[in-house]
Amino acid sequence: MLTNLLLLIGITLMYSTPLVFGALGGVISERSGVTNIGIEGMMVIGAIAGAATSYFTNNPWIAFLVAGLSGGLVALLHAVASVSFAADQTVSGVAINLLAPGIALFVCRRLFDGAAMTPIVAKLPKIFGESAFAGTAYAGLNLNITTVLALVATLAVWFVLYKTKWGLRVRAVGEHPAAADTLGINVYKTRYICVILSGVFAGFGGASMTIAIISQFTQTAISGHGFIALAAVIFGKWTPQGAYGACLLFGCTQALTILLGGGSFPVPSTILAMLPYAMTIIVLILFVGRSAAPKADGVPYIKGSR
Amino acid sequence: MDLNIKLSRRAFAGTMGAATLASLAACGGGAATGGSTEASASGSAAEGTKKVTMITDTGGVNDQSFNELSWKGMQQLGSDLGWDVSYIESKQDSDYMTNLDKAVDDGSDLIWGVGFAMGEAVENAANSNPDVKFAIIDNIYENNPSNLTGVAFKQEECSFAVGYVAARMTTSGKVGFVGGIDSEIMQAFEQGYYAGIEYANKEQGLSVTYEGQWAESFGDAAKGKAIAQSQIADGCDVLYHAAGGTGTGMIEACDEAGVYAIGVDQDQAHLAPKAVITSALKRVDQAIYQISQQLISGEKEGGTNVTLGAAEDAVGIAETHDLLPDGVYNDALAVVEKIKKGEIVVPKNADELKSFIASL
């Protein structure tokens, strides 16, 4: 029983970590009024950048930072299109999602003799060292360091959004950019920063898959995580703490499918496969209630327009 | 890339405008007359030389998996028989038709598709080009066109051998299995594995138990890792996977927990040299080498499916066995030999497993 409980906690946290980073990216961008469908693509870029850098430098920390920077760089494209050129933000995001896996595969092929996956690379450490508790019930609690970073990042984003002047400005820009503009807030600059930050977080999310959970980039390493993260943003009512909770819920349902599907009395895996979706719908109906996006979310701001 | 463009330009220059083709090759399927100089040399050598082309799936020719191994078999055809062999890489699913057409226009006698993802495209190409021979790796059809051969592998046989190894290597007396998406074909991996464990139990007087779980995904590494963690917590200390990308997570979990892992399809020891004790192999290169010759010589007619097993040396266990005691490795090879001779008939579903256990 204790083993199963600890396992449940461990798997939940492991599974939710990349989602949390992705969701934080979504929250920051959308609170400033820019829809970011491209989280998935930015995560893919972070995943390949992290794994490749870790391979060549043998330093996973540098790799983690590079993953964030690369995600931010891709987000810059999104920012240019959606903030400066007032393009349709969904289209720009979709374009990034289509482009990113192609770039990732291309880079991977160029760097690794045409292989579609990287070799095994250096991983970020675990909080109690590489194989502490191995073989004991507590093994699952030896979390990836990224899991802790994800929690810290959530607290930081919450603090910045709700307890600082700049956070208030971000939220104002997302609700009513024209009003914010008249008060002297630079809407474009704020949105640029937020979109780039969202890419940085998404990049971290990708890397927390390829240099923490597993230790290589494969084409399927990031498959749909960005979209689940976006669902978590909506589910968590566009707040960092809510999105974090939503990611934990998604992780927990996955952990449940695994624990219920194994052992001596396995539940058929086909039934379990629908559990995450069924549980999401139930929680959404019973506990979450109405979820309202920032007013100006997805609307490009054009100075002086009414 | 430069090299590829030049090569394809030379290969196609006679039939169409070189400039159009260079651009086609650059932005389209990325055709390459593989084996570069060596291939063109043998091509011009003898009259009656056969031209064989393979189309990779989206993994590309250096995928460290089926495509790479297929190309190895092709190259063997080139060096042993002097055939003109080449490959065309598919960058995305929509390239399959184009690349198959390209291979037909190129005058290929036999065209190989690699991977079940190409199943429909190869079938269509075979229907519209009745005088060209087609074959496909890892796919079988219900109604083959008369010029199409489907090649599958007896995965239960190599799974049996690694199941035997797992039972010999466990110290906890419990071993695990992580599957991709449950299906008839995937069942063969699981049931063959269990049969190997039961066989070892009987032979060695062990009482190893086993458990298995399906991830319902071939690409979810985190899920594979989580399932493995739950099996390890349950006491399993040797884990086998048949789950593609999901399985990389399983190997990772084994590596972290310090228990043994068993790879699948290819020798996966490079993924975790301290954890992967053996791998269940599908010898795709052997399949390509043998079936190509049989089809070209007319010994084998198209229009059927072939399932290759230990008897054809098309399945087995990996040569890497640094973590295995010699005794276990040799015994496992002996088991493969028995399967080859037909002394062991490996079950491929749950019902056959039951009667197999009863017959032990």
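See the structure above.
Quick caveat: nothing in here was measured; it's all calculated off a predicted structure.

## Regarding the interface of chain A and chain B
Often the size quoted for an interface is simply the accessible area lost on bringing the parts together. The interface is formed by 37 residues belonging to chain A together with 32 residues belonging to chain B. Summed over both partners, the interface of chain A with chain B comes to about 2700 Å²; 53% of that surface belongs to carbon and sulfur atoms. For the pair chain A and chain B, the interface holds three salt bridges. With its nearest N and O atoms 2.8 Å apart, the salt bridge here joins B:Glu252 to A:Lys123.

## Let's talk about unusual backbone geometry
Phi angles above zero are rare outside glycine, and A:Trp238 is one such case at about 60°. Tracing the backbone through its elements, the reader meets A:Trp238 in the loop between helix 9 (225-235) and helix 10 (240-261). The class of A:Trp238 is buried, set by a relative accessible area of 7%. Despite not being glycine, B:Asp138 shows a phi value in the positive range, around 70°. With respect to the element layout, B:Asp138 can be found in the loop between strand 5 (133-137) and strand 6 (148-153).

## Structural notes on the pattern of salt bridges
In the structure shown here, the tally under the stated rule is 15 salt bridges over all chains. A salt bridge links B:Glu256 to A:Lys123, with the nearest nitrogen and oxygen atoms 2.4 Å apart. A residue pair is termed interchain when its members come from two chains, as with B:Glu256 in helix 10 (residues 244-257) and A:Lys123 in the loop between helix 4 (89-111) and helix 5 (145-163). For A:Lys123, a relative accessible area of 19% corresponds to the buried category. Within the structure, one salt-bridge network assembled from shared partners comprises A:Lys123, A:Lys126, B:Lys225, B:Glu252 and B:Glu256.

## Comments concerning the sheet that holds strand 9 (residues 238-242) of chain B
Residues and elements named next belong to chain B. Spatial strand order, 8-7-9-10-11-13: six strands in an open sheet with mixed pairing. Lying at the two open borders of the sheet, with one neighbouring strand each, are strand 8 (209-214) and strand 13 (315-317). Shown here is a sheet whose adjacent strand axes are inclined to one another by a mean of 15°, direction ignored. The pairing of strand 9 with strand 10 (residues 260-265) spans three bridges and is parallel. Note on strand 10: the bridge partner recorded for Tyr240 is Ile262. On top of the sheet, helix 9 (residues 221-233) reaches strand 7 (174-179), strand 8 and strand 9; it is set at about 160° to strand 8, its chief contact.

## Here we look at the nonpolar core
Residues and elements named next belong to chain B. Grouped together as the largest cluster of nonpolar side chains are 70 residues, with contacts concentrated most on Trp112, Ile137, Phe160, Tyr193 and Tyr240. If one sorts the elements of this core by residue count, helix 7 (residues 155-169) sits on top with nine residues. Two domains each provide a minimum of three residues to this core, namely domain 1 (2-139) and domain 2 (155-282 + 316-359).

## Quick word on helix 9 of chain B
Residue and element names in this part refer to chain B. Its 13 residues give helix 9 an end-to-end C-alpha distance of 18 Å, which sits within 8% of 18 Å, the value for a rise of 1.5 Å per residue. With twelve of 13 residues buried, helix 9 lies mostly within the body of the structure. For helix 9, every residue scored as buried is listed here: Ala221, Ala222, Lys223, Gly224, Lys225, Ala226, Ile227, Ala228, Gln229, Ser230, Gln231 and Ile232. Looking at the residues trailing helix 9, positive phi occurs at Gly235, about 110°.

## A few points about the packing of aromatic side chains
Within this structure, the stated rule accounts for 20 aromatic pairs over all chains. Summarising the aromatic geometry, the rings of A:Tyr188 and A:Tyr301 are spaced 5.9 Å apart at their centres and angled 45° between planes, so their arrangement reads as tilted. You can see A:Tyr188 sitting in helix 8 (residues 187-213) and its partner A:Tyr301 sitting in the segment after helix 12 (275-288), a full 113 residues away along the chain. We classify A:Tyr188 as partly exposed; its relative accessible area is 27%. Classification of A:Tyr301 by relative accessible area gives buried; the value is 10%. Measuring from centroid to centroid gives 6.2 Å for B:Tyr164 and B:Tyr199, while their planes differ by 50°, and the two rings are tilted. Here B:Tyr164 is found in helix 7, whereas its partner B:Tyr199 is found in helix 8 (residues 184-204), with 35 residues between them in sequence. Like B:Tyr199, B:Tyr164 is buried. A network of ring pairs unites the aromatic residues B:Phe177, B:Tyr193, B:Tyr194, B:Tyr210, B:Trp214 and B:Tyr240 as a single cluster.

## What to know about the side chain of A:Ser82
Counting through the fold element by element, A:Ser82 comes out in helix 3 (residues 60-84). Since its relative accessible area comes to 1%, A:Ser82 is described here as buried.

## Concerning the side chain of A:Asn144
By secondary structure assignment, the location of A:Asn144 is in the loop between helix 4 and helix 5. Sequence-distant contacts of A:Asn144, that is, excluding residues within four places in its chain, are made with A:Met14, A:Pro125, A:Lys126, A:Ala212 and A:Ile213.

## Notes on the pairing of strand 4 (residues 110-114) of chain B
Successive side chains on a regular strand alternate, one facing one side of the sheet and the next facing the other. Residue and element names in this part refer to chain B. Across the five residues that make up strand 4, a large majority, five, are buried. Burial along strand 4 is two-sided: Leu110, Trp112 and Val114 and Ile111 and Gly113, pointing in opposite directions, are all buried. Alignment of strand 2 (residues 51-55) against strand 4, held across four bridges, turns out to be parallel. Of the residues in strand 4, the one forming a bridge with Val52 is Leu110. In this region the chain leaves strand 4, passes through helix 6 (residues 119-128) and returns to the parallel neighbour strand 5; the handedness of that crossover is right-handed.

Thresholds applied
- Numbering of residues starts from 1 in every chain and runs along the sequence as written.
- Here the convention is simple: chains get letters from A, ligands get numbers from 1, in the order in which they are written.
- Totals for whole chains, interfaces and linings use all residues, but because this is a predicted model, local features are given only for residues with pLDDT of at least 70 and pairs of side-chain atoms are given and counted only at 80 or more.
- Note: side-chain values were computed over all heavy atoms of the structure, leaving out hydrogens and water.
- We call two residues in contact when some of their heavy atoms are within 4.5 Å.
- A simple way to read buried area is as the amount of 1.4 Å-probe accessible surface that goes missing from two parts once joined, with both sides added.
- The term salt bridge refers to a pairing of a side-chain nitrogen on Lys or Arg with a carboxyl oxygen on Asp or Glu at a separation within 4 Å.
- Under the DSSP-based scheme used, a helix requires at least four consecutive residues in state H or I and a strand at least two consecutive residues in state E, with every element numbered from the N terminus.
- Buried means the residue's accessible area, taken with a 1.4 Å probe over protein chains only, is under 20% of the maximum for its type, while exposed means over 50%, and partly exposed covers the values in between.
- One requirement defines pairing of two strands: DSSP has to find at least two bridges between them.
- Between N-to-C directions, angles span 0 to 180 degrees; the directions come from axes that are lines fitted to C-alpha atoms, helices contributing only their stretch in contact.
- The definition of a nonpolar core used throughout is a set of buried Ala, Val, Leu, Ile, Met, Phe, Trp, Tyr and Cys residues joined through side-chain atoms within 4.5 Å.
- Domain extents, as shown, originate in an automatic or database domain assignment.
- For a helix, the expected span equals 1.5 Å multiplied by the residue count minus one.
- Stacked, tilted and edge-to-face pairs are distinguished by plane angle, under 30 degrees for stacked and over 60 for edge-to-face with tilted covering the rest, among Phe, Tyr and Trp rings (Trp via its six-membered ring) whose centres lie within 6.5 Å.
- If the strands point away from the viewer and the path from the first strand over the helix to the second runs clockwise, then the crossover is right-handed.

Everything listed is a geometric property; what it means functionally is a separate question.
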